[in-house]
Amino acid sequence: QVQVVESGGGLVQAGGSLRVSCVATGNIFAINTMGWYRQAPGKQRELVASITSGNSTNYADSVKGRFTISRDNAKNTVYLQMNSLKPEDTAVYYCNADLQYKRAGPFYRHWGPGTQVTVSS
């Protein structure tokens, strides 16, 4: 069974740093794009950052220069390093991964259950 699971959330003061991780496990042949989204209370889920299998990255304007996404393909893991955190970064952070189960097969997007990040002022 394929799973995508986040870890590393928590409580941090404004200006601080936090790194969240996400690992994909199970019968996986390949992983294409991996990404981080977030959803604050009363708001829609929004893209934070994404990274392709070729390490091309994309960031939301609100996190550019503060957040860095990276991946370790050997570990099927994607990371989000968050620096200079602000109270408005408070949200549940969700990871997704586009997974292929067999050679030449289609890719399916899987989501993790989310991890809470809270930034206190």
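Position numbers for residues count from 1 along each chain, tracking the sequence in the order it is written. Owing to the predicted nature of the model, reporting of local features is limited to residues with pLDDT of at least 70; listing and counting of side-chain atom pairs is limited to 80 or more, with chain, interface and lining totals taken over all residues. Side-chain numbers here rest on the full set of heavy atoms in the structure, without hydrogens or water.

Moving on to the overall build of the protein. For the protein, the helix and strand inventory stands at zero helices and 11 strands. In DSSP terms, a helix is any run of H or I states spanning at least four residues, a strand is any run of E spanning at least two, and both are numbered starting from the N terminus. Written out in order from the N terminus, the α and β elements of the protein read β-β-β-β-β-β-β-β-β-β-β. Our radius of gyration looks at C-alpha atoms and nothing else; its globule reference is 2.2 Å times the residue count to the power 0.38. Against the globule reference of 14 Å for 121 residues, the protein gives a C-alpha radius of gyration of 14 Å, in line with a compact fold. The C-alpha extent of the protein, read off along each of the three principal axes, is 50 × 25 × 25 Å. In the protein, which comprises 121 residues, the proportion classed as buried is 43%. Pairs of residues are marked as contacts when any of their non-hydrogen atoms sit within 4.5 Å. Partitioning the contacts of the protein with sequence separation of at least 6, the portion at a separation of at least 24 is 56%. Only the protein chains shown count as covering a residue, and every accessible area follows the Shrake-Rupley method with a 1.4 Å probe. Total accessible area on the protein is roughly 6500 Å²; 46% of this is exposed by carbon and sulfur atoms. Positive charges come from Lys and Arg, negative ones from Asp and Glu, while His and the chain ends are left out of the count. Note that the charge is assigned to NZ on lysines, CZ on arginines, CG on aspartates and CD on glutamates. Computing the positive centroid from 12 side-chain charges and the negative centroid from 7, the protein places the two 5 Å apart. Residue burial is assigned from relative accessible area. The probe radius is 1.4 Å, only protein chains are included, and a residue is buried under 20% of its type maximum, exposed over 50%, and partly exposed in between.

Another point: the state of the cysteines. Cysteine sulfur atoms that pair up within 2.5 Å are treated as a disulfide. Under the criterion given, the structure shown has one disulfide. Across a sulfur-sulfur distance of 2.0 Å, Cys22 and Cys95 are joined as a disulfide pair. Looking down the S-S bond of the Cys22 and Cys95 bridge, the torsion is -75 degrees, so its handedness is left-handed. In this pair, Cys22 sits in strand 3 (residues 18-25) while Cys95 sits in strand 9 (residues 91-100), placing the two residues 73 residues apart along the sequence.

A separate point is the nonpolar core. The criterion is simple. A nonpolar core is a set of buried Ala, Val, Leu, Ile, Met, Phe, Trp, Tyr and Cys residues joined through side-chain atoms within 4.5 Å. Residues Trp36, Leu80, Met82 and Tyr93 are the most contacted members of the largest nonpolar core, which totals 31 residues. Residue assignment for this core shows that the elements contributing at least two residues are strand 3, strand 4 (30-39), strand 5 (46-51), strand 7 (67-72), strand 8 (77-82), strand 9 and strand 11 (115-120). Counting residues per element, this core draws most heavily on strand 9, which supplies five residues. When neighbours within four sequence positions are excluded, Tyr93 is seen to be in contact with Glu6, Trp36, Tyr37, Arg38, Val48, Phe67, Leu80, Met82, Gly114, Thr115 and Val117.

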